[in-house]
Amino acid sequence: MVTGLTVGALAVIGLLAFQADGAQSRALAAKPSASGSSTGGGPSTAPTTGADQAPPQLPAASGTGRRVVYSLGSHAVWLVDPKKTPPVQAAFRVTPGTADPTAGDYTVYSRTATTTGTDGLRIEHVVRFAQQNGTVFGFSAAVDTPSASPAPTAPPTDPSKPRTGGIRSARTDGQTLWDFAPSGTKVVVVP
């Protein structure tokens, strides 16, 4: 009789553990960022476009090896390290600047801890990976604004004003990308 109770208790414990693991997996899948930018204290600095949506799955044609993947179409970033489990270390939505880089493979060539963006906002964790037609492209996070959107959100009508290539993220996601992508890290831009 004791054996039957022990087996029954173990079965119940196993079922509860299985259910808890499934609930945790669903909760992680529902987060917009693997770095936890949608939870925790303080005001949100999430991007205004699609910020409440979880990023889609990593695009199939997004390169190989350790890399940062940026999707022009879904405004999402994935930090991928195939030597780790899971290979996608973080995924989050971003807000693009007024110009987009051409799809292709790039390399992080410059990083700046804090500076002022071409839109006049204080930014941090700047990770630059491309220069095209006089526009510098890189990831960053705005410091003093509740929105991650660069200003303006449409190409400027005044040709004397620079187009912005800053791809803005929430501050916590910017920190995660900064830690993941030192100079020399591959960046893959997909359509």
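Everything discussed here concerns the structure shown above.
Residues numbered from 1 in each chain as written. Predicted model: local features only at pLDDT ≥ 70, side-chain atom pairs only at ≥ 80, totals over all residues. Heavy atoms only, no water.

So, about unusual backbone geometry. Most peptide bonds take the trans form, and the phi angle of most residues other than glycine is negative. The omega torsion of the bond from T85 to P86 falls at -5 degrees, within 30 degrees of zero and hence cis. Inspection of the secondary structure puts P86 in the loop between β2 (76-80) and β3 (88-93). In the Ramachandran plot, H75 falls in the positive-phi region, its phi being about 50 degrees despite a non-glycine side chain. Tracing the chain through its elements places H75 in the loop between β1 (67-71) and β2. The backbone of H125 sits at a positive phi, close to 55 degrees, despite the residue not being glycine. Residue classification places H125 among the buried residues on the basis of a relative accessible area of 11%. (Helix = DSSP H or I, 4+ residues; strand = E, 2+ residues; numbered from the N terminus. Buried < 20%, exposed > 50% of the residue type's maximum accessible area, 1.4 Å probe, protein only.)

Here we come to the pairing of strand β9 (residues 186-190). Of all 5 residues making up β9, 4 are buried, and the element is well covered by its neighbours. Relative to β9, strand β4 (residues 104-107) runs antiparallel, the two being bridged by 4 bridges. The residue of β9 that forms the bridge with Y106 is V187. (Pairing = 2+ DSSP bridges.)

The tally for this structure, following the rule as stated, stands at 3 salt bridges. The shortest N-O distance in the salt bridge between R66 and D81 comes to 3.6 Å. In this pair, R66 sits in the loop between α1 (2-30) and β1 while D81 sits in the loop between β2 and β3, placing the two residues 15 residues apart along the sequence. Residue R66 is classed as partly exposed on the basis of its relative accessible area, which comes to 36%. (Salt bridge = Lys/Arg side-chain N within 4 Å of Asp/Glu carboxyl O.)

With that out of the way, let us pick up the side chain of R128. By secondary structure assignment, the location of R128 is in strand β6 (residues 122-132). For R128, a relative accessible area of 18% translates into the label buried. At a separation of 2.9 Å, a polar atom in the side chain of R128 contacts the side chain of T112. (Polar contact = N/O pair within 3.5 Å; in protein donor to acceptor, adjacent residues only side chain to side chain.)

This paragraph deals with the sheet that holds strand β5 (residues 110-116). With respect to topology, 4 strands assemble into an open sheet ordered β5-β6-β7-β8, the strand pairing being mixed. Two strands in the sheet have a free side with no partner beyond their single neighbour: β5 and β8 (166-169). Pairs of neighbouring strands in the sheet enclose a mean axial angle of 30 degrees, with direction left out of account. With 4 bridges joining them, strand β7 (residues 135-142) and β8 adopt parallel strand pairing. Note on β8: the bridge partner recorded for G138 is G166. Contacting β5, β6, β7 and β8, helix α2 (residues 171-180) crosses the sheet at an angle of about 55 degrees to β6. (Axes fitted to C-alpha atoms, helices over the stretch in contact; angles between N-to-C directions. Contact = heavy atoms within 4.5 Å.)

In short, the description is geometric, and any link to function would need to be established separately.
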